[in-house]
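Fold and contact review
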Amino acid sequence: MLNATYEPIGVVSGRRALILVLSEKVDVLAESGDVIASERMRLVIPSVVRLRYFVRVPYQRTAPLNRKAIFARDQGRCQYCTSPAESIDHVIPRSRGGEHVWPNVVACCRRCNTLKANRLLSDCSMVLRSKPSAPTRLAWVTVAAGRVPESWGPYLSQAAA
Ligand SMILES: [Zn+2]
């Protein structure tokens, strides 16, 4: 869901979006292709809706630092070997003073996590595939949606620019 200014402000279910359309609070910018049909009517579930009025968003949404958000940033892949990730690794282990912050956490498979254990990267032969960093300003959208439909792309890149 976009604000009147086209700024993404939330992820809502298709059903909720449809209710907003029917109550004339939003305009449909893109359709999902999914249809709700009854004997009397046929409704296409929207994919992108824009509010007809501006709402003040009291704070900048950011992705929370949790397992779901870390997996979303790292595309569910172990940052050491690219296998499907199953856990979170602190690059500098917490027992060595490593903090629970974006640049120090990566998605990790169980095998690599066990292999790395309590060691620093300089003490083992493991290499990170990319330098972990805080997610982009709109990363919360991916976290909230799970999977971002293609039709959202243009609106997200426009907002991120
Ligand atoms: Zn791995």
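Here, the structure is the one placed above.
In short, a report on the structure. What you are looking at is a predicted structure, and each value in this text was computed from that prediction instead of being measured. (Residues numbered from 1 in each chain as written. Predicted model: local features only at pLDDT ≥ 70, side-chain atom pairs only at ≥ 80, totals over all residues. Heavy atoms only, no water.)

1. With respect to helix α5 (residues 153-160)
Buried within α5 we find Y155, L156 and A159. Looking straight down α5, one finds its buried side chains confined to an arc of 100°; they lie on one side. Among the structural elements, β1 (26-37), β2 (42-51) and α4 (139-145) are those in contact with the buried residues of α5. (Buried < 20%, exposed > 50% of the residue type's maximum accessible area, 1.4 Å probe, protein only. Helix = DSSP H or I, 4+ residues; strand = E, 2+ residues; numbered from the N terminus. Arc of directions from axis to C-beta. Contact = heavy atoms within 4.5 Å.)

2. So, unusual backbone geometry
Among all residues except glycine, the phi angle is most often negative; among peptide bonds, the trans geometry is most common. Phi is positive for Y6, close to 75°, though the residue is something other than glycine. Given the relative accessible area of 31%, Y6 is considered partly exposed. Phi at A117 takes a positive value of approximately 50°, unusual for a residue other than glycine. With respect to the secondary-structure elements, A117 resides in the loop between α3 (110-116) and α4.

3. Details of the nonpolar core
Core analysis: the biggest nonpolar cluster contains ten residues, these being L2, A30, V48, L138, W140, V141, W152, Y155, L156 and A159. Only α4 and α5 provide two or more residues apiece to this core. Top element by residues in this core is α5. It accounts for three residues. Dropping the residues within four chain positions of it, V141 is found in contact with P8, V11, W152 and L156. Within the second largest apolar cluster, nine residues are counted, among which are Y80, C109, C112 and M126. (Core = buried A, V, L, I, M, F, W, Y, C linked by side-chain atoms within 4.5 Å.)

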